[in-house]
Amino acid sequence: NLKDARFTYEGHSLPVSRIQLDANMPDGEIRVAINNIALQHETLEYLSIKQLDASLASLPREGKPVNISLLNLEEPRVTLVRDAKTNGFVGWDDLVGAVGNGDSGKSSMAGGVVLKELEVKKGEVHYQSAPKVDPFDIEGIDATVKAIPDQPDRMPVDGLFRIGTVPGRLSGNLDLSK
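Not measured: the values here are computed from a predicted model.

Digging into the nonpolar core
Link 1 in the chain: Ile34, Leu52 and Leu71 are the most contacted members of the largest nonpolar core, which totals 25 residues.
Link 2 in the chain: Secondary-structure elements contributing two or more residues to this core are β2 (12-23), β3 (30-41), β4 (44-56), β5 (66-81), β7 (117-128), β8 (136-146) and β9 (154-163).
Link 3 in the chain: Looking at this core, the element that brings in the most residues is β4, giving six residues.
Link 4 in the chain: When near neighbours in sequence (up to four residues on either side) are disregarded, Leu71 contacts Leu52, Asp53, Ala54, Leu115, Glu117, Leu118 and Glu119.

Rendered as structure tokens:
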């Protein structure tokens, strides 16, 4: 149980208020809890998560997929602001490039990630097409995404959200093959 810690992966680190690890080594389930993740680009906080809980089937190994049986995100807040220079999103281009490339030019996540279940509680997405344009906000996202056995590219999605005061329902299939 670490307080005021840094979580480091692929040569990049981020400050967190608490990391808790519970593991049955070397091949048992690993549970990781991380509190108060916040990623910033200059003054823009583009990702924050109040609590991240992950259950991994075993210790990740180089070249092998990271098997996550459950990823639970409490109060995740994603901010997408279009970057006019790159046509990407402020902060996200750097993060995706860092995780994908690593220091050696090869990612130790080359085996990929296998996610069996994702739970989002009280999530928010804020989208701005330009820095000075009012954002489009989706709040109160409560959703579950589960893998279908023998169909790793298809995941049913079920959840609720709201835009302003108008509630909505999210239901369907996420197709990861495209």
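Brief notes about the pairing of strand β10 (residues 166-175)
On any regular strand, side chains alternate: one points to one face of the sheet, the next to the other face.
Link 1 in the chain: Taken together, the 10 bridges between β9 and β10 define a ladder with antiparallel strand orientation. Pairing of Met155 across the sheet is with Leu174, part of β10.
Link 2 in the chain: Hairpin connection between β9 and β10: a loop of two residues separates the two successive antiparallel strands, and Gly164 in this loop has a positive phi of roughly 65°.

Notes on the pattern of salt bridges
Link 1 in the chain: Taken as a whole and assessed by the stated rule, the structure comprises five salt bridges.
Link 2 in the chain: Here Glu75 and Lys50 are joined by a salt bridge, their closest N and O atoms 3.7 Å apart. Within this pair, whereas Glu75 is found in strand β5, its partner Lys50 is found in strand β4, the two being separated by 25 residues in sequence.
Link 3 in the chain: Salt-bridge contacts for Arg162 lead to Glu139; the nearest nitrogen and oxygen are separated by 3.9 Å. Taken as a pair, Arg162 in strand β9 and Glu139 in strand β8 lie far apart in primary sequence, 23 residues in all.
Link 4 in the chain: Overall, the relative accessible area of 37% leaves Arg162 in the partly exposed class.
Link 5 in the chain: Relative accessible area serves as the criterion here: at 24%, Glu139 is assigned to the partly exposed category.

A look at the packing of aromatic side chains
Link 1 in the chain: Inspection of every chain in the model, using the stated rule, returns two aromatic pairs.
Link 2 in the chain: The interplanar angle of 70° and the centroid separation of 5.2 Å between the aromatic rings of Tyr46 and Trp92 together place this pair among those described as edge-to-face. You can see Tyr46 sitting in strand β4 and its partner Trp92 sitting in helix α1 (residues 92-101), a full 46 residues away along the chain.
Link 3 in the chain: The exposure class of Tyr46 is buried, given its relative accessible area of 6%.
Link 4 in the chain: On the numbers, 6.2 Å between centres and 70° between planes, the contact of Phe89 with Tyr127 is edge-to-face. Here Phe89 is found in the loop between β5 and α1, whereas its partner Tyr127 is found in strand β7, with 38 residues between them in sequence.

Thoughts on the side chain of Ser55
Link 1 in the chain: With respect to the element layout, Ser55 can be found in strand β4.
Link 2 in the chain: For Ser55, the contacting residues outside a window of four places in its chain are Glu29, Ile30, Arg31, Asn67, Ile68, Ser69 and Leu70.

What counts as what
- Residues numbered from 1 in each chain as written.
- Predicted model: local features only at pLDDT ≥ 70, side-chain atom pairs only at ≥ 80, totals over all residues.
- Heavy atoms only, no water.
- Core = buried A, V, L, I, M, F, W, Y, C linked by side-chain atoms within 4.5 Å.
- Buried < 20%, exposed > 50% of the residue type's maximum accessible area, 1.4 Å probe, protein only.
- Helix = DSSP H or I, 4+ residues; strand = E, 2+ residues; numbered from the N terminus.
- Contact = heavy atoms within 4.5 Å.
- Pairing = 2+ DSSP bridges.
- Salt bridge = Lys/Arg side-chain N within 4 Å of Asp/Glu carboxyl O.
- Phe/Tyr/Trp six-rings, centres within 6.5 Å; stacked < 30°, edge-to-face > 60°.

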